[in-house]
Structure formats: C-alpha cells, structure tokens
Amino acid sequence: MAINLEKGGRANLTLPKFVIGLGWDANSSSTGQGFDLDASVFILGENKKCLSDEYFVFYNNLKSPDGAVEHTGDNLTGDGDGDDESIIVDLSKINPNATEIIVVVTIHKADERRQNFGQVRNSFARIYEPDQTTDIPNMKCKEELLKYELEEDFSVETAVEFGRIYKRNGEWKFEAVGVGQKGGLEVYLNKYN
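Residues numbered from 1 in each chain as written. Predicted model: local features only at pLDDT ≥ 70, side-chain atom pairs only at ≥ 80, totals over all residues. Heavy atoms only, no water.

S.K.: Where do I start with the nonpolar core in this structure?
M.R.: A general feature of soluble globular proteins is that nonpolar side chains tend to end up buried together. Counting 40 residues, the largest nonpolar core has I20, L22, I43, I87 and I101 as the members making the most contacts within it. Contributions of two or more residues to this core are made by β3 (17-26), β4 (37-44), β7 (85-90), β8 (100-107), β9 (120-130), β10 (141-149), β11 (159-168) and β12 (171-181). Residues in contact with I43, not counting those within four places in the same chain, are K49, C50, L51, Y55, V57, S64, V69, I94, A98, E100 and I101. F56, F58, L185 and Y188 belong to the second-largest nonpolar core, a separate cluster that totals 11 residues. (Core = buried A, V, L, I, M, F, W, Y, C linked by side-chain atoms within 4.5 Å. Buried < 20%, exposed > 50% of the residue type's maximum accessible area, 1.4 Å probe, protein only. Helix = DSSP H or I, 4+ residues; strand = E, 2+ residues; numbered from the N terminus. Contact = heavy atoms within 4.5 Å.)

Structural data, given as structure tokens:
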C-alpha cells in the first residue's frame, strides 16, 4: 500500500530502482491553446548545483551520463489517465558525487499562451516499482510506494518543484516539496546550473 504524502512529507526509498510517474489534467483553457507540461530532473552535488550540464535530464536530454536517470519522453498534451510523463531512476548506477535529485514540472510557453498551474488539476507525483515484464515506456506498476497529490493552490505559478530525492547518512529519501513560482524552466536552470 502506497504512502500518501502531504507537502513537506518525507519517506525512505528502499528500492534502488523505481519509476517517478507524473500526471496532470488541464482545465478548459480560455487561451485556445493546448497545455504542454514538461517534467525535468536536476542531479545535484554537495554544492546544490548540477554535476554537469549532462546531469540535467529533460525532453532534449533523456538520460544522465551515468545511466541512473532516464526520461521516457515528452508528452505534449497530458491526455489520458495515469502518468503523463515518467522518469526511471536506478540509484545503484548514480554518480557517487550525486547527493540530490530535483523533480520539476514547467508549462511550455506559459507566458506566450497565458497559462499557469491554476488551470491544471489532478496533478500528482508517484514513485512505484515497475513490473519488469513490461516494456518501457508502457510500464505497468507492480507496487506503488509513494504518492504526492499536489494541491490546486497555484493561481499564477508556471513552474512547480514537485519533489526531491536526497541522500542522508547513506540512505536515499523522498520529500514532497510542492513549491511553485512564476517563470519557466530557466528559473531552475539559473538556480541549479
């Protein structure tokens, strides 16, 4: 049974290999344009900065150089049930200098399209053990370990830090962050690069 986390909640990660599934639904938009939300991952060192540019994993760089983090691809619409984008994590492969993995979701061209997270509902991040008998990216969940449902209280924000995986005393943990801000992916690039 999955642990449901609230904002700021933390839990231990006991499996070295798991999937981070991110999902959302867009409300009907008066902007007349579709929503394209993008999940991105920053793999940080002790200095809270990316180990290198290649450790920023997103739709144009789908895999970290150590093979520990792999983005399964960009979903341009968010249509359908379940996960809209997935990130496979294998902590047994992670660069020994990595201490933190930040997971963010941004709205592509939010300013141009006049969109924000106030127009997004049913957003969640979940961590699950994949059923190894299925092929990626159509992974099936063997067991859901953690779930964090983001509250719908972001009226003007266009970027949200969903969660972070961090190492403390040699053990990996997950924290449900849920902090939004105005700006796009460049906000996080400035912060973590």
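Continuing now.
S.K.: What's the story with helix α2 (residues 185-192) in this structure? I'm lost.
M.R.: In an α-helix, one turn spans 3.6 residues, which is why side chains three or four residues apart end up on the same side. For α2, the set of buried residues is L185, Y188 and Y192. The buried residues of α2 all sit within an arc of 65° when viewed along its axis, so they share a single face. Tucked inside the fold, the buried residues of α2 contact β4, β5 (56-57), β8, β11 and β12. (Arc of directions from axis to C-beta.)

S.K.: What exactly am I supposed to notice about the pairing of β12 here?
M.R.: As a general feature of sheets, a regular strand has side chains that alternate between the two faces. Here strand β2 (residues 10-12) runs beside β12; their pairing, made up of three bridges, is antiparallel. Bridge pairing in β12 links R10 to E175. Sheet topology places β11 next to β12; nine bridges connect them, and they run antiparallel. Looking at the pairing, R164 lines up with E175 of β12. In sequence, β11 turns back onto β12 through a hairpin of two residues, with N169 there showing a positive phi of about 55°. (Pairing = 2+ DSSP bridges.)

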